[in-house]
Amino acid sequence: MSDKLLSLDKLSIGCVAPPGGSVANKTGAWRSMRPVYKHENCIGCRACELVCPEGCVFGNAKEKHFDFDPDYCKGCGMCAAECPVDDIEMVMEEK
Amino acid sequence: MAEKQEILEGAMAVAHAVARCRPEVIAAYPITPQTHISEELSQIVADGELDAEFVKVESEFGAASVILGASATGVRTYTATSSQGLLLMSEVLWNIAGMRLPVVLACANRSISAPLSIWCDHQDAEAIRDCGIIQFYAEDNQEACDQHLIAYKVAEDRRVLLPVMVNLDGFLLTHVFEPTILPDQQLADRYLPPYEAVLKLDPANPATFGAFTEPDKCMEGRWMVHDACMRSLPVIEEASAEFEKVFGRPSGGLLEEYKSRDAETILIAKGSLCGTIKDVVDEMREEGTKVGLLRIKTYRPWPTEAVLKAVSGAKQIAVIERGASFGAGGVMTPEVKETLYDAGMQTPVSGFCVQLGGREVPPDGIREIVDRVASGEKQTAYEYFRLKTEILPELVPGA
Ligand code: SF4
Ligand code: SF4
């Protein structure tokens, strides 16, 4: 039935899509603010990774190093708000 | 033929007609004046007369959501509502249309608050006019029953795949006892074979209905709803013709031309009000006034061609409505004007809101409208007919 489904370049009746749509649909363009992961005071608590509603924060707690995926980050600012050591800053998206 | 007339209440007759369409999932929440439809259906299911799942929900939003999900699994579904209930469903109804699910529902037309009223007008159905649901309007209970069968036939046709809503005037039809023929089960089965979905929700083949689209596709996705609506016009005519063949009586269709072929003044209306209008047309015809009625049975899609053909000989037209667009004018009136304008015609069209919240328009009101437009009176704005200005308060308090 996959030929009857929505794909990247074709619609389907009822806009019925196969699984994997939220990976194919990049939501980065929705952003007006972007987080900057400063990599200065990180304590590796993983709060940013856990609160991100897009699941687009990656990193390593042992190395105390986290960053976000700009293809999917919507710029909601939750990671910056929750970081206990202010190691994430929201700046205007300019591009 | 095993069909016989019985004296039935409108809502109950509709419930039994729906049962004979064999829906497999029904979900509904009670609201006056729709309640008798879903109450009776739940009784029919409880009595074992219909093998269906009757889902008791917490609201109309829940009812529409259950029906959406059930329809996506590929089964025939049904719900019914009125007024605020339809508005509460509306977010889901747009989705049902966009997902191209052939849901059938009834709207027992009732006014919208505020002020609170339980009585009939068409503002509920007209509020969701643009969502891609096909809308039928019944004049009497027989038609309301028959239109349900035609609704499934049209909704499930692969050229269409859209929800269809049958409108029947609250109380004026739902609570009135009329001689009605319920469709014979064998004939209903012949007319409506089991529904077979093209795509369905299936855990073995996961899929998302109504998925996300970027701006490069969304407009085309929405346009397909419009396209399917337009495609339904000939399908509605075919399904109505087949109904007549199977059941031996005419029903359904896009519109009814009542003594309008040679009429100088044509009235345009929908719903049970057309019964009163036909009586006035008969009387005035006897007195020599060339007046006729164009009754809109399919309001969405708007049957442009058929309307144009039906009114092309008229000298003047009056649209008589049970609705309004606050801050603008009428609802159906501008559509009639657009139809004429696009065809390069300048026939004067007057619009009258005769009833909101169950106000009765007596025959002399219809007669007055005919006399006024026939005398060449030019209308400058949609008219709230016989508005009782004497009961209005100071409109700008403290002015
Ligand atoms: S701004 Fe929001 S979406 Fe972007 S990485 Fe932070 S939490 Fe995730
Ligand atoms: S929330 Fe802040 S401190 Fe915690 S892991 Fe993320 S960047 Fe590091």
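Residues numbered from 1 in each chain as written. Chains lettered and ligands numbered in written order. Predicted model: local features only at pLDDT ≥ 70, side-chain atom pairs only at ≥ 80, totals over all residues. Heavy atoms only, no water.

Undergrad: Explain the site of ligand 1 to me, using residue names and the numbers behind them.
TA: Looking at ligand 1, the residues that line it are Pro35(A), Cys52(A), Pro53(A), Cys56(A), Val57(A), Phe68(A), Cys73(A), Lys74(A), Gly75(A), Cys76(A), Gly77(A) and Cys79(A). Here the shell around ligand 1 is composed, by residue class, of nine nonpolar, two polar and one charged. (Near = heavy atom within 4 Å. Nonpolar A, V, L, I, M, F, W, Y, C, P; charged D, E, K, R; others polar.)

Undergrad: Would you mind going over the nonpolar core in detail, with residue names and values included?
TA: Residues and elements named next belong to chain B. In this structure, Ile37, Leu41, Tyr78, Tyr191, Ile268, Leu294 and Ile317 are the most contacted members of the largest nonpolar core, which totals 105 residues. If you tally residues by element for this core, the top one is helix α8 (residues 218-247), at 10 residues. Here this core spans two domains, and each of domain 1 (5-247) and domain 2 (255-392) adds at least three residues to it. If we ignore the near neighbours within four places in the chain, the residues touching Tyr191 are Leu149, Ile150, Lys153, Ala239, Ser240, Glu242, Phe243, Val246 and Phe247. (Core = buried A, V, L, I, M, F, W, Y, C linked by side-chain atoms within 4.5 Å. Buried < 20%, exposed > 50% of the residue type's maximum accessible area, 1.4 Å probe, protein only. Helix = DSSP H or I, 4+ residues; strand = E, 2+ residues; numbered from the N terminus. Domains from an automatic or database assignment. Contact = heavy atoms within 4.5 Å.)

Undergrad: Summarise the interface of chain B and chain A; cite the residues concerned and give the values.
TA: With 21 residues of chain B in contact, the opposing surface of chain A contributes 20 residues. Around 1,600 Å² of area is buried between chain B and chain A when both sides are counted, 71% of it from carbon and sulfur atoms. Among the residues chain B hides against chain A, the three largest losses belong to Leu199(B), Phe212(B) and Lys217(B). Together they make up 35% of the total. In this structure, the connection of chain B to chain A is made through zero salt bridges. Put simply, chain B and chain A have four residue pairs in polar contact (both at pLDDT 80 or more) between them. (Buried area = accessible area lost by both parts, 1.4 Å probe. Salt bridge = Lys/Arg side-chain N within 4 Å of Asp/Glu carboxyl O. Polar contact = N/O pair within 3.5 Å; in protein donor to acceptor, adjacent residues only side chain to side chain.)

Undergrad: Residues and numbers for helix α3 (residues 60-72) of chain B, please.
TA: Residue and element names in this part refer to chain B. In this model α3 runs 18 Å from its N-terminal to its C-terminal C-alpha over 13 residues, within 8% of the 18 Å that 1.5 Å per residue would give. Every buried residue belonging to α3 is among Glu60, Gly62, Ala63, Ala64, Ile67, Leu68, Ala70, Ser71 and Ala72, and all of these are buried. The elements touched by buried residues of α3 are β2 (25-28), β4 (77-81) and α4 (83-98). Backbone geometry just downstream of α3 places Gly74 in the positive-phi region, at approximately 95°. (Expected span 1.5 Å × (residues − 1).)

Undergrad: Provide a residue-level description of empty space enclosed by the protein, including the pertinent values.
TA: Across all of its chains, the model carries five cavities of 30 Å³ or more by this definition. Roughly 130 Å³ of internal volume is contained in the largest cavity. Taken together, 16 residues form the lining of the largest cavity, with Cys42(A), Cys48(A), Cys83(A), Asp87(A) and Ile88(A) sitting closest to its centre. Residue composition of the lining of the largest cavity, grouped by class: 11 nonpolar, two polar and three charged. Space inside the second largest cavity adds up to approximately 110 Å³. Lining the second largest cavity we find 13 residues, and of these Met99(B), Arg100(B), Leu161(B), Val198(B) and Leu199(B) sit closest to its centre. A breakdown of the residues in the lining of the second largest cavity according to their chemical character gives 11 nonpolar, one polar and one charged. (1 Å grid on protein atoms, 1.4 Å probe; cavity = no way out; pocket = protein on both sides within 12 Å on 5 of 7 lines; lining within 4 Å. Points joined across faces, edges and corners; volume = space filled by probe spheres on them.)

Undergrad: Got a sec to walk through the domain arrangement of chain B? Specific residues and values, please.
TA: The extent of an interface is frequently quoted as the accessible surface area lost upon association of the parts. Residue and element names in this part refer to chain B. You can read the domains of chain B as domain 1 (5-247) and domain 2 (255-392). Between domain 1 and domain 2, the contact holds 27 residues from the first and 29 residues from the second. In total, about 2,100 Å² of surface goes out of reach between domain 1 and domain 2, with carbon and sulfur atoms giving 52% of it. Measuring nitrogen to oxygen at the nearest pair gives 3.8 Å for the salt bridge that ties Glu335 to Arg129. Along the contact surface separating domain 1 from domain 2 lie 15 residue pairs in polar contact (both at pLDDT 80 or more). Looking at the side of domain 1 that touches domain 2, the elements that each hand over two or more residues are α5 (123-127), β6 (134-137), α6 (141-156) and α8.

Undergrad: Describe the site of ligand 2, and please don't skip the residues or the numbers.
TA: Around ligand 2 sit Cys42(A), Ile43(A), Gly44(A), Cys45(A), Arg46(A), Ala47(A), Cys48(A), Phe66(A), Cys83(A), Pro84(A), Val85(A) and Ile88(A), and those are all the residues in its vicinity. In the shell around ligand 2, the residues fall into 10 nonpolar, one polar and one charged.

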